[in-house]
Amino acid sequence: MALQCGIVGLPNVGKSTLFNCLSNAKAQAANFPFCTIEPNVGVITVPDERLNKLAELVHPEKIVPTTVEIVDIAGLVKGASQGEGLGNKFLANIRETDAILHVLRCFDDENVTHVDGSVNPVRDKEIIDYELQLKDLETVEARIGKVQKQAQTGGDKQAKIILDVLLRYKTALEQGKPARTVGFDTKDEEKAAHDLFLLTNKPVLYVCNVDETSAVSGNPYVESVREAIREEGSDLLIVAAKIESEIAEFDTYEERELFLGELGLQESGVNRLIKAAYKLLNLETFLTAGPQEVRAWTYRKGSKAPQCAGVIHTDFEKGFIRAEVIKYDDYVRLGSENACKEAGKMNIEGKEYVVQDGDIMHFRFNV
């Protein structure tokens, strides 16, 4: 399932440093704009403690976690919507992603230059918002010109739906609001909105890159961002990219845990960021457990059993008969599949079953 989160932000906010920590890719992290020219794509393992717990019970030959793709996109500058800097390339790369990780600089460091001369994460956020909104407004106005006559004179019902969606987006964008703040009442409207692929309609996670002393509780810069996004419905995550770089240098899990403990952190920022990116993409995980492997499988939240069977193999979906489902907590508590069966904790589910995160699944099919 090739869904992608794009890491965006102004130059020198820590995007490529975070990307390196996430994927161990070799994105150059230098102190000047446009160091990342082509987007770097990393396939990132999603941390899931449940796999290790199941492996302790099943003793499989291997453990296979699920993954998510992260794209490091070149830094944007003012005027990108008009082609300034790497504007057009930047905007095209964002359009190809499914969600956005917007990195904001929330630390002072005189050795790391800021493209606008001072640290102000809310201003930085507004620069990127403004450029994306301008591009979306350009897209919306162009589409209005194409469908307006059809909607008004041609009696085209679909054109009327599209025009109404476009006009609502136009109003919001002209007010400086992102497209994702506009809500719709019907599925036809939602489909028309989705098919526009607007940049500001993508879900966003704001990643506040802080210094070491602010890694646990944040700082005034973080609070200013929190206040600025209050009405957006977006989440915020605090990460200290410099610390994450140091964590990546440790060879053993024990060394990393000791270092995190000394800093007062329960989990690395990288792990939290990967999990947040996975959630941002509206993804969940079902599990399979057997002597050959314990494995995590990615599916879209809200998917039914046959669609999840198809994640493993298309034949499983085509010939779906039923799904045998054990809840993760029951499996861990009782210790094995047989014990769950004997305790009546294995449920037989049909085609309408909506799979839940952490379900341990076994599919029956006939081709």
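Let me begin by describing the structure that accompanies this report.

Analysis parameters
- Residues numbered from 1 in each chain as written.
- Predicted model: local features only at pLDDT ≥ 70, side-chain atom pairs only at ≥ 80, totals over all residues.
- Heavy atoms only, no water.
- Buried < 20%, exposed > 50% of the residue type's maximum accessible area, 1.4 Å probe, protein only.
- Helix = DSSP H or I, 4+ residues; strand = E, 2+ residues; numbered from the N terminus.
- Pairing = 2+ DSSP bridges.
- Polar contact = N/O pair within 3.5 Å; in protein donor to acceptor, adjacent residues only side chain to side chain.
- Contact = heavy atoms within 4.5 Å.
- Phe/Tyr/Trp six-rings, centres within 6.5 Å; stacked < 30°, edge-to-face > 60°.
- Lys NZ or Arg CZ within 6 Å of the ring centre and 35° of its normal.
- Disulfide = S-S within 2.5 Å.
- Patch = residues over 30% accessible without salt bridge, like charges linked within 9 Å, V, L, I, M, F, W, Y side chains within 5 Å.
- Areas by Shrake-Rupley, 256 points an atom, 1.4 Å probe, with all protein chains shown as cover.
- Salt bridge = Lys/Arg side-chain N within 4 Å of Asp/Glu carboxyl O.
- Lys, Arg positive; Asp, Glu negative; His and termini not counted.
- Charge placed at Lys NZ, Arg CZ, Asp CG, Glu CD.
- Axes fitted to C-alpha atoms, helices over the stretch in contact; angles between N-to-C directions.

## Details of the pairing of strand β9 (residues 293-300)
Most of β9 sits inside the fold, with six of its eight residues counted as buried. The pairing of strand β3 (residues 62-64) with β9 spans three bridges and is parallel. In the sheet register, V64 faces β9, and the bridge partner there is R295. The pairing of strand β8 (residues 283-289) with β9 spans seven bridges and is classified as antiparallel. Bridge pairing in β9 places F286 opposite W297. Between the antiparallel neighbours β8 and β9 lie three residues.

## Re the side chain of E324
Counting through the fold element by element, E324 comes out in strand β10 (residues 320-326). What makes E324 buried here is its relative accessible area of 7%. Side-chain polar atoms of E324 contact the side chain of R364, separated by 3.0 Å. Beyond its immediate sequence surroundings of up to four residues, E324 is in contact with M346, N347, I348, I360, M361, H362 and R364.

## Comments concerning the packing of aromatic side chains
Centre-to-centre distance and the angle between the planes together describe a pair of aromatic rings. Applying the stated criterion to the full structure yields six aromatic pairs. Judged by centre distance (6.3 Å) and plane angle (15 degrees), the ring pair of F286 and W297 falls under stacked. Of the two residues, F286 sits in strand β8 while W297 sits in strand β9, which places them 11 residues apart along the sequence. Across this residue pair, the class does not change: F286 and W297 are buried. For the pair F286 and Y299, a centre-to-centre distance of 6.0 Å together with 40 degrees between the ring planes defines the contact as tilted. Separated by 13 residues along the polypeptide, F286 in strand β8 and Y299 in strand β9 bring together distant segments of the chain. The same class applies to F286 and to Y299, which are both buried. Chaining the aromatic ring pairs together yields one cluster made of F286, W297, Y299, F320 and F363. For R105, the ring lying beneath its charged end belongs to F107, and the centroid distance is 4.5 Å. The lysine or arginine in question, R295, covers the ring of W297, its NZ or CZ lying 4.1 Å from the ring centre.

## A closer look at the state of the cysteines
Linking two cysteines covalently via their sulfur atoms produces the bond known as a disulfide. Counted by the stated rule, this structure contains zero disulfides. The thiol of C208 is not disulfide-bonded; the next cysteine sulfur, from C106, is found 3.8 Å away. Residue classification places C208 among the buried residues on the basis of a relative accessible area of 0%.

## Topic: a negative patch on the surface
Where like charges cluster on the molecular surface, the negative patch consists of E212, E246, E249, D251, E254, E255 and E257. Counting residues per element, the negative patch draws most heavily on helix α9 (residues 253-263), at three residues. Position of E246 relative to the elements: it lies in helix α8 (residues 241-249). On the accessibility criterion, E246 (33% relative accessible area) is partly exposed.

## Section: the sheet that holds strand β5 (residues 99-105)
Pairing in this open sheet of six strands is mixed, and the strands run β2-β4-β1-β5-β6-β7 from one edge to the other. Each end of this open sheet is capped by a strand with a single partner; those strands are β2 (40-45) and β7 (235-239). Between one strand and the next, the sheet's axes are offset by a mean angle of 25 degrees, whatever the strand orientation. Of the strand pairs in this sheet, β5 and strand β6 (residues 204-209) are connected by six bridges, and their pairing is parallel. Bridged to V103 within β6 is V207.

## Describing the pairing of β5
Consecutive side chains along a regular strand alternate between the two faces of the sheet. Extensive coverage of β5 is indicated by the burial of seven of its seven residues. A two-sided burial pattern is seen for β5, the buried positions comprising A99, L101, V103 and R105 on one face and I100, H102 and L104 on the other. Across four bridges, strand β1 (residues 4-8) lies against β5 in parallel orientation. Along β5, the bridge assignment pairs G6 with I100.

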